[in-house]
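Structure at a glance
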Amino acid sequence: MRALLLGGTRFVGLRLLRALVSGGHQVTILNRGRREAPVPDGVERLFADRRNDEAVRAVLADHPDEYDVVFDVTGYQPQNLEPVVDTLGESIERYVFVSSFAVYTFPNSFPVRETSEMIEPGLETGGLAAYGADKVRCERYLLEAHASRGLPVAILRAGAMYGPENWMDDREGSYFARLLLGRKILVGGRGEALVHLGHVDDFAQACIRAAENPTAMGEVFNVTGPEAVSVNTLIHAFAAATGVEATKVYVPFGEGRESIDGIVPFQSERSVVCSTRKLEHTLDFQPRYDIRSGMAHTFDWWQRQRGIDGVRFEPGRLGHDVDLAAEDALIARWEKA
């Protein structure tokens, strides 16, 4: 396929780019061009800021009828999507949009399905606080375009992801570092809440499968790993990957830092279990990685490309928000409880 990838230089977009290239597809990426990235040879690059409507329209107008598929990894608000849909919508065969589990309200029943209750957007838009609501707006815009204009769109709602190229040092990489440094691991509650994570390479393959399957058009799919696991099990997966036994310190919910509900990333006092049955049956897709094999694969990349010396912990900074001094205070208070 001839693919236009919106993004392509960071985590999800970069892994999708590599999967497309390794699959023999012709790929062009469009982004701001502000970040150096190990882009594979043969990939064409276009530059435009998606917040600049006129710039995106101008760049795409110079490349009419060149793409079969658009993969949209960096669409966060409807105004980001409009110039792409208006310019390319009638010439492409597929538009694969990356959405998020953040569109769902806190569920009262499990598993969470594509038909489960969603956030109703208010007036606020932009930024982390409105992320889920903005994704709802994007989905509604695209599905309306499908209904009214025949836009061949498939929407993939991504669960929390981990894996190679994850630039967020406060995610799984922080636990690899803690274990290798001999630090105790803080866990909210008793570690019994369930989390449902997915490997980034599985998500990339699901995107490609959706682009290749005409039955995906006009549909929405949950995409995540094959299992929901307890936080204790997740910690054990970190430990197994590093070969270091984990010593856990349990902290009651509400006792941690003000900005987080639990301690482990993605953890809440409430569990999350999502259904991927629709993806499996409609697109005949099965993820490759369970949590243990996925963390082992991720740690192998992390050791080679980042390691303890490569991580950056900066309290309050997005993607690097780890405060080891605050953790030490919690450990001292709760380790004997």
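Read on for a plain summary of the structure. (Residues numbered from 1 in each chain as written. Predicted model: local features only at pLDDT ≥ 70, side-chain atom pairs only at ≥ 80, totals over all residues. Heavy atoms only, no water.)

Ring pairs (aromatic) are described by centroid distance and by the angle formed between their planes. Per the stated rule, a full pass over the model turns up 7 aromatic pairs. Arranged with centres 5.9 Å apart and planes meeting at 25 degrees, the rings of F299 and W302 form a pair that is stacked. Of this pair, F299 and W302 both sit in helix 9 (residues 291-305), 3 residues apart, which is roughly one turn of the helix. Following the ring pairs from residue to residue traces out a cluster consisting of Y175, F176, F238, F299 and W302. The side chain of K278 reaches across the aromatic face of F221, ending 5.2 Å from its centre. (Phe/Tyr/Trp six-rings, centres within 6.5 Å; stacked < 30°, edge-to-face > 60°. Helix = DSSP H or I, 4+ residues; strand = E, 2+ residues; numbered from the N terminus. Lys NZ or Arg CZ within 6 Å of the ring centre and 35° of its normal.)

Quick look at the layout of surface pockets now. In this structure, the second largest pocket occupies an estimated 260 Å³ of space. Forming the walls of the second largest pocket are 14 residues, and the residues nearest its centre are T9, L14, E165, W167 and R306. Contributions of two or more residues to the lining of the second largest pocket are made by helix 1 (11-22) and helix 9. Its residues assigned to classes, the lining of the second largest pocket comprises 6 nonpolar, 3 polar and 5 charged. (1 Å grid on protein atoms, 1.4 Å probe; cavity = no way out; pocket = protein on both sides within 12 Å on 5 of 7 lines; lining within 4 Å. Points joined across faces, edges and corners; volume = space filled by probe spheres on them. Nonpolar A, V, L, I, M, F, W, Y, C, P; charged D, E, K, R; others polar.)

Residues R10, R32, R34 and R35 make up a contiguous surface patch of positive charge. Relative to the helices and strands, R35 resides in the loop between strand 2 (26-31) and strand 3 (44-47). (Patch = residues over 30% accessible without salt bridge, like charges linked within 9 Å, V, L, I, M, F, W, Y side chains within 5 Å. Areas by Shrake-Rupley, 256 points an atom, 1.4 Å probe, with all protein chains shown as cover. Salt bridge = Lys/Arg side-chain N within 4 Å of Asp/Glu carboxyl O. Lys, Arg positive; Asp, Glu negative; His and termini not counted. Charge placed at Lys NZ, Arg CZ, Asp CG, Glu CD.)

Let us now look at the pairing of strand 1 (residues 2-6). Most of strand 1 sits out of view: 4 of its 5 residues are buried. Taken together, strand 1, helix 1 and strand 2 constitute a β-α-β crossover, and its handedness is right-handed. Here 4 bridges tie strand 1 to strand 4 (residues 69-72), and the two strands are oriented parallel to one another. Looking at strand 4, one finds that L4 is bridged to V70. (Buried < 20%, exposed > 50% of the residue type's maximum accessible area, 1.4 Å probe, protein only. Right-handed = clockwise from strand over helix to strand, strands pointing away. Pairing = 2+ DSSP bridges.)

This part takes up a nonpolar patch on the surface. The grouping of L180, L181 and I308 at the surface amounts to a nonpolar patch, some 230 Å² of accessible area in total. Locating L181 in the fold gives a position in the loop between helix 5 (172-180) and strand 8 (185-188).

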